[in-house]
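Read off the chains here:
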Amino acid sequence: MDYKELLAKKIQENLDVDLKLDFIEDLIKIPPKPEMGDYAFPCFQLAKSLKKSPNIIAEELKNKIEGDYFEKIENKGPYLNFFVNKGIFTKNILTKILEEGDKYGSSSIGQGKNIVVEYSSPNIAKPFHVGHLFSTAIGNSLYKMMSFEGYNCTRINHLGDWGTQFGKLIVAYKKWCNEEELHKNPIKELLRIYVKFHKEAEKEPELNEEARECFKKLEDGCSEEVKLWKKFKKLSLKEFKKVYDLLGVEFDSYAGESFYRDKMDAVIDEIDKKGLLVESKGAKVVMLDKYNMPPCIVKKSDGATIYATRDLTAAIYRKKTYDFYKCIYVVGMDQSLYFKQVFTTLKLMGKDWADSCIHAGFGLVRFADKKLSTRNGDVIFLEDLLNKSVQRTLEIINEKNPNLKNKLQVAKKVGIGAVIFTYLKNNRERDIVFDWNEMLNFDGETGPYVQYSYARGKSILRKTKCTGSQLDYSKLNSKEEFELVKALNNFKDSIINAIDKLEPFIVTRYVIEVAKAFNKFYNAHSILKTKDEGTKLARLQLVKATCQVIKNGLNLLGIDVVEEM
Ligand code: ARG
């Protein structure tokens, strides 16, 4: 059993009122310093139901809780500090990890709750850029964590595949597209003609009118326009899938903006019937001035629908289809106001569930290396970034471990892992500055460092037999060993916390802490050369458990481990 759960049970049994186990477990905290014990229990919240002061409750509990699970229980004012029995604690947790294996850290907390996670959502005919990877990495990781904790998740890629820009693209295609280039390098060619369109339209504004007509035809389902649009979409998706394959990312649905094209009228009607639709400069809008926001435009003055129309429709569709408990939008913070407008409009439409729509925003991506930022104008093609990272990792491996087998495969996992790790390392709202030397530093707080710790552990395990009758967990009694064991125990808490805040970095930090604790242990104690057989076996179990936790943790971030590097 989980030690925290065990403690919660002990507290529950010794209280004079009936309190739920979950409630008690939630109150148990992990103190910031080891001197304050391994667990702390503040008694404030019990004062009301017990009609006693927190200090008295703490004192009474201290005297009542018995058994050898705790070495010491201290009572400091309203707090109880618990010092676990290290031997029992260590045995409990290591056995649990080794028994549960890949499932260690999972739970059924989310059972019965449907979650929609929308992420990635690149735009057809445009590059998959570094911002989309931010969304992809966060969304993929949130999906993995939530599924791990029992939520029923649906992954949606809300492709930007509809809108007036496709009218422009069709016009540009007919005028300037180089078919050969288009098939060799679809996105680059589509981007080229799209940029050209804007340049030409400055000189020749009639082009815009042509584009509008084209989009109108597309919305009306004219076969030629639809055929071209389908072609762009197919070519783009093929490129995007290359990136998803590199990253190991998947989706349950690619219902992008175009998916809602025949569903928007009904929603506009509904808005109108509720008396929310107002005419403004020829456009149809929902006024949000009461909420200090600009109006939410639903139909443009030329009668075309807009980004927001599709988001309103998508939210309603998702609620109906997936009956979500939460619908999470992983989209850059530059769209924060926009999502507030959309969610508020839904609320005005009487959709109470709009409160379960959450915008999980993120910051900007910048590069310390100027060259990369300017290569393709302002956009950085993600494939270039990933390939470059793999290339650099390969160079490092060639230097550090020239005889390694499957070098390229390892470099792929480490190089791509390093990029994902960088995205998930900090609070998502913080901007990222990419710095190659920092990102690929095997000794820094990086993906390669964590992967290296895992590979190091695995190499120890490969060198010897890990089982025997003399295994004795109580021998893991040094400071370094116990700190590592404690870190391993905190895995589930960190996942739950990450889900609560929709912040994968909490798990990223967690795996860094585990890797650090592992390296401290490794540097302070010999493992293979340990004389005492019982101690050696226990240490090997600790190594095995550590590797398992690192693997599970990285997996939740969307990063693979490598057995050797
Ligand atoms: N396609 C958009 C972009 O690249 C992101 C879509 C965000 N999701 C949404 N439901 N609006 O900026």
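Think of each chain on its own: its residues are numbered from 1, step by step along the sequence as written. In keeping with the predicted nature of the model, local features appear solely for residues at pLDDT of at least 70, side-chain atom pairs appear and are counted solely at 80 or more, and the whole-chain, interface and lining totals rest on all residues. Only heavy atoms go into the side-chain values, all of them from the structure, while hydrogens and water stay out.

Sorry, what's going on with the pairing of strand S2 (residues 70-76) here?
On a regular strand, one side chain projects to one face of the sheet and the next to the other, so that they alternate. With six bridges joining them, S2 and strand S3 (residues 79-84) adopt antiparallel strand pairing. Counterpart to Ile73 in the pairing with S3 is Phe82. Strands pair, by our definition, only if DSSP identifies at least two bridges between them. Numbering of helices and strands starts at the N terminus; helices are DSSP runs of H or I of at least 4 residues and strands are runs of E of at least 2. Hairpin connection between S2 and S3: a loop of two residues separates the two successive antiparallel strands, and Gly77 in this loop has a positive phi of roughly 60 degrees.

How should I be thinking about the packing of helix H6 (residues 130-148) against helix H17 (residues 407-423) in this particular structure?
Two quantities define a packed helix pair, namely the angle between the axes and the distance from one axis to the other. A fitted line through C-alpha atoms serves as each axis, taken over the contacting stretch for helices, and the angle formed by two N-to-C directions is quoted from 0 to 180°. Orientation of H6 relative to H17, taken along the N-to-C sense of each, is 80 degrees, at an axis distance of 9 Å. One way to sum up the angle between H6 and H17 is to call them roughly perpendicular. For the pair H6 and H17, contact is made by Val130, Leu133, Phe134 and Ala137 and by Val419, Ile420 and Tyr423, respectively. Relative orientations are named as follows: roughly parallel for angles under 35 degrees, roughly antiparallel for angles over 145 degrees, roughly perpendicular for angles from 65 to 115 degrees, and oblique for any other angle. A contact between two residues is defined here by any heavy atoms of the two lying within 4.5 Å.

Please explain the pattern of salt bridges as it appears in this structure.
Pairs can form between side chains of opposite charge whenever their charged atoms are close. Salt bridges, as used here, are contacts in which a Lys or Arg side-chain nitrogen is within 4 Å of a carboxyl oxygen on Asp or Glu. Scanning the model with the defined rule gives 36 salt bridges in all. For the salt bridge of Glu74 with Lys72, the shortest nitrogen-to-oxygen distance reads 3.4 Å. On the basis of relative accessibility, which here comes to 22%, the residue Glu74 falls in the partly exposed class. Under the relative-accessibility criterion, Lys72 is labelled partly exposed at 40%. Across the pair Glu225 and Lys174 runs a salt bridge whose closest N-O atoms are separated by 3.7 Å. One end of the pair, Glu225, is in helix H11 (residues 223-247); the other, Lys174, is in helix H7 (residues 165-176), and 51 residues separate them in sequence. For Glu225, a relative accessible area of 4% puts it in the buried group. What emerges from the salt-bridge pattern is a single network uniting Lys72, Glu74 and Lys76. Type-normalised accessible area, obtained with a 1.4 Å probe on protein chains alone, sets the label of each residue: buried when under 20%, exposed when over 50%, and partly exposed for intermediate values.

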